Amino acid sequence: MVKKSLSILVLAMLTALCLAGEKAVPAEGGATIPAGEKFVALTFDDGPRRGTTERLLDGLKERGAKATFFLIGQQIEDNAALVARMAEEGHQIGNHTWSHQRLDSVLPDEAAQEIARTEAALEALLGGGEYWLRPPYGQVPEGAEFRVPMVKWCVDPRDWESRDVEKVTQGILDCVGPNSIILLHDIYPTSVDAALRVVDRLQAEGYWFVTVEELLWLNGVKPEAGRMYRTGRG
């Protein structure tokens with residue numbers, strides 16, 4: 001299978017744009033991209049987990065697909081090699097709190113600590129950076145302020161509920177479209193199988209799998225701290 005990387009993708013699009021004179025839209029950094037390309041972001045919560053996450057990374061690498069992983073902080077130290085591999089292979093890594101605590105059900109200080117502990121663990125392993133937040137259950141306290149962009153989703157096949165490869169795969173394919181952010185969990189073998197089936201199917205239909213940050217970039221969207229993003233357009 002032909003491998004696809006974002007750098008090759010952008011180069012190819014810019015070349016096509018120059019040759020064909022296609023209508024273009026602006027992108028961050030002064031580049032332009034052709035309108036109408038099909039980009040999608042796979043996102044995975046609740047990992048990392050040995051076995052399932054490793055197999056997922058193998059499959060994504062084979063297919064040249066990128067994804068975004070929102071990690072549980074208390075699982076990072078024991079899976080440091082997996083987290084380092086995610087970064088080395090070009091995936092985006094984000095914060096899913098320390099213990100999967102629902103942030104709108106605890107005191108503000110406890111919510112802040114849940115986020116800060118995971119951020120510290122990621123910085124210790126990967127270095128400083130901006131680790132975007134996916135709040136558990138997609139919920140945050142009303143009026144709370146956050147220092148990084150937040151990511152929700154627009155396609156949720158409820159993989160944690162059915163744990164059925166066919167149902168999860170079809171649930172995604174029935175709802176996905178350009179600029180979708182898809183929610184999955186890399187702790188379930190069935191979700192890994194479904195994710196790779198979806199990549200195969202959508203790549204055959206001309207989709208490109210990019211990180212959430214890349215998805216926003218490709219749409220000319222500048223991420224803002226404290227804002228929740230559900231699709232590549234905002």
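Residues numbered from 1 in each chain as written. Predicted model: local features only at pLDDT ≥ 70, side-chain atom pairs only at ≥ 80, totals over all residues. Heavy atoms only, no water.

## Section: the packing of helix H2 (residues 52-63) against helix H7 (residues 189-204)
A packed helix pair is summarised by two numbers, namely the angle formed by the two axes and the spacing between the axes. Rules: To get an axis, fit a line to the C-alpha atoms, keeping to the stretch in contact for a helix; angles then go from 0 to 180 degrees between the N-to-C directions. A run of H or I in DSSP becomes a helix once it reaches four residues, and a run of E becomes a strand once it reaches two; helices and strands are each numbered from the N terminus. Angle categories are assigned with fixed cut-offs, so that under 35 degrees is roughly parallel, over 145 is roughly antiparallel, 65 to 115 is roughly perpendicular, and the rest are oblique. Contacts were defined at the residue level, with two residues in contact if any of their heavy atoms lie within 4.5 Å. Residues are grouped as follows: Ala, Val, Leu, Ile, Met, Phe, Trp, Tyr, Cys and Pro are nonpolar; Asp, Glu, Lys and Arg are charged; every other residue, Gly included, is polar.
Running from N to C, H2 and H7 point in directions that differ by 10°, and their axes come no closer than 9 Å. Considered as vectors, H2 and H7 are oriented roughly parallel to each other. Seen from H2, the contacting residues are Thr-52, Arg-55, Leu-56, Gly-59, Leu-60 and Arg-63; seen from H7, they are Pro-189, Val-192, Asp-193, Ala-195, Leu-196, Val-199, Asp-200 and Gln-203. Of the residues in the contact of H2 with H7, the class split is seven nonpolar, three polar and four charged.

## Here's the deal with the pattern of salt bridges
Condition: Here, a salt bridge means any side-chain nitrogen of Lys or Arg that lies within 4 Å of a carboxyl oxygen of Asp or Glu.
In the structure shown here, the tally under the stated rule is twelve salt bridges. Lys-61 is the partner of Glu-89 in a salt bridge, and the nearest nitrogen-oxygen pair spans 3.9 Å. Highlighted residues: Glu-89 in the loop between helix H3 (80-88) and strand E5 (92-95) and Lys-61 in helix H2, separated in sequence by 28 residues. Among the salt bridges present, the one from Glu-62 reaches Arg-63, with a minimum N-O distance of 3.7 Å.

## Observations regarding the side chain of Asn-95
Operational definition: For this analysis, a polar contact is any N or O atom pair within 3.5 Å, provided that within protein one partner can donate a hydrogen and the other can accept it, and provided that sequence-adjacent residues contribute only side-chain to side-chain pairs.
By secondary structure assignment, the location of Asn-95 is in strand E5. In this structure the side chain of Asn-95 is engaged in a polar contact, spanning 2.9 Å, whose partner is the backbone oxygen of Ile-115. When sequence neighbours within four positions are dropped, the list of residues in contact with Asn-95 reads Phe-70, Leu-71, Ile-115, Thr-118, Glu-119, Tyr-131, Trp-132, Leu-133 and Arg-134.

## Describing the nonpolar core
Quick note on the threshold: Residue types Ala, Val, Leu, Ile, Met, Phe, Trp, Tyr and Cys, when buried and joined through side-chain atoms within 4.5 Å, form a set referred to as a nonpolar core. Relative accessibility decides the category of a residue: with a 1.4 Å probe and only protein chains considered, values under 20% of the type maximum give buried, values over 50% give exposed, and everything between is partly exposed.
Leu-42, Leu-60, Phe-69 and Phe-209 are the most contacted members of the largest nonpolar core, which totals 34 residues. Among the secondary structure elements, those contributing two or more residues to this core are strand E3 (38-47), H2, strand E4 (67-71), H3, helix H6 (165-173), strand E7 (181-185), H7 and strand E8 (207-209). A total of seven residues in this core trace back to one element, the largest contributor, which is H7. Once residues lying within four places of it in the same chain are set aside, the contact partners of Leu-42 are Leu-60, Ala-67, Thr-68, Ile-182, Leu-184, Val-199, Phe-209 and Val-210. One finds Phe-39, Val-210, Val-212 and Tyr-229 within the second-largest nonpolar core, a separate group that totals 16 residues.

## Thoughts on H2
Counted only if it meets this: In this analysis, the expected span of each helix is defined as 1.5 Å times one less than the number of residues it contains. Think of the arc as the fan of directions from the helix axis to the C-beta atoms.
Helix length check: H2 (twelve residues) gives 17 Å between terminal C-alpha atoms against 16 Å at 1.5 Å per residue, within 8%. The set of residues buried in H2 consists of Thr-52, Thr-53, Leu-56, Leu-57, Gly-59, Leu-60 and Arg-63. Axial view of H2: buried residues confined to an arc of 165°, hence all on one face. Gly-64, located one to two residues past H2, shows a positive phi value of around 70°.

## With respect to the environment of Asp-164
Residue placement: Asp-164 occurs in the loop between helix H5 (159-162) and H6. It is 9.5 Å that separates the C-alpha atoms of Asp-164 and Asp-193, two residues lying 29 residues apart in sequence. Only 2.9 Å separates the side chain of Asp-164 from the backbone nitrogen of Lys-167, close enough to count as a polar contact.

## Examining the environment of Leu-215
Note on placement: Leu-215 falls in helix H8 (residues 212-218). Taking the C-alpha atoms as reference points, Leu-215 and Ser-180, separated by 35 residues in sequence, lie 9.0 Å from one another. In contact with Leu-215, other than residues within four places in its own chain, are Phe-39, Val-40, Ala-41, Asn-179, Ser-180, Ile-181, Val-210 and Gly-232.

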